[in-house]
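Next come the chains, spelled out residue by residue.
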Amino acid sequence: MKKQEKKRQMVGTVVSNKMDKTVVVLVERMVQHPLYQKFIRRRARFAAHDQGNACNVGDKVVITESRPMSRMKRWRVSEILEKAV
């Protein structure tokens, strides 16, 4: 039997919710420069599936890797950590 793989999860901020059942999530991470040892902020934007259109711009969400749902969507919103004010 095939071993069950752990799905990747990331925490990010919703930057766009203009599409139907789709949000764009900005994920920031800090990486250390190999030579100068300074920490650099790296950003990535992911299109995520939001089934109930529950997310708004500014919400902090957890996204989970999933099967491809469209050309751009490979993630789904698994939970909303905090709502925007």
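The present account deals with the structure reproduced in this document. What you see is a predicted model; the values in this text were computed from it and never measured.

Some thoughts on the pattern of salt bridges
Part 1: Scanning the model with the defined rule gives four salt bridges in all.
Part 2: In this structure, Glu65 engages Arg8 in a salt bridge whose closest nitrogen and oxygen atoms are separated by 3.4 Å. Here Glu65, found in strand S4 (residues 60–65), pairs with Arg8, found in the segment before strand S1 (9–19); they are 57 residues apart in sequence, far enough to count as distant.
Part 3: Its relative accessible area of 31% is what places Glu65 among the partly exposed residues.
Part 4: According to the relative accessible area criterion, Arg8 is partly exposed, its value standing at 45%.
Part 5: Among the ionic pairs, Arg41 bridges to Glu28, the shortest N-O distance being 3.4 Å. One end of the pair, Arg41, is in strand S3 (residues 39–49); the other, Glu28, is in strand S2 (residues 22–32), with 13 residues separating them in the sequence.

Considerations on the environment of Leu81
Part 1: On the secondary structure map, Leu81 appears in strand S5 (residues 75–82).
Part 2: With 34 residues separating them in the primary sequence, Leu81 and Ala47 have C-alpha atoms 18 Å apart.
Part 3: Non-local contacts of Leu81, meaning those with residues more than four positions away in its chain, are made with Val11, Lys60, Val61 and Val62.

The rules behind the values
Residues numbered from 1 in each chain as written. Predicted model: local features only at pLDDT ≥ 70, side-chain atom pairs only at ≥ 80, totals over all residues. Heavy atoms only, no water. Salt bridge = Lys/Arg side-chain N within 4 Å of Asp/Glu carboxyl O. Helix = DSSP H or I, 4+ residues; strand = E, 2+ residues; numbered from the N terminus. Buried < 20%, exposed > 50% of the residue type's maximum accessible area, 1.4 Å probe, protein only. Contact = heavy atoms within 4.5 Å.

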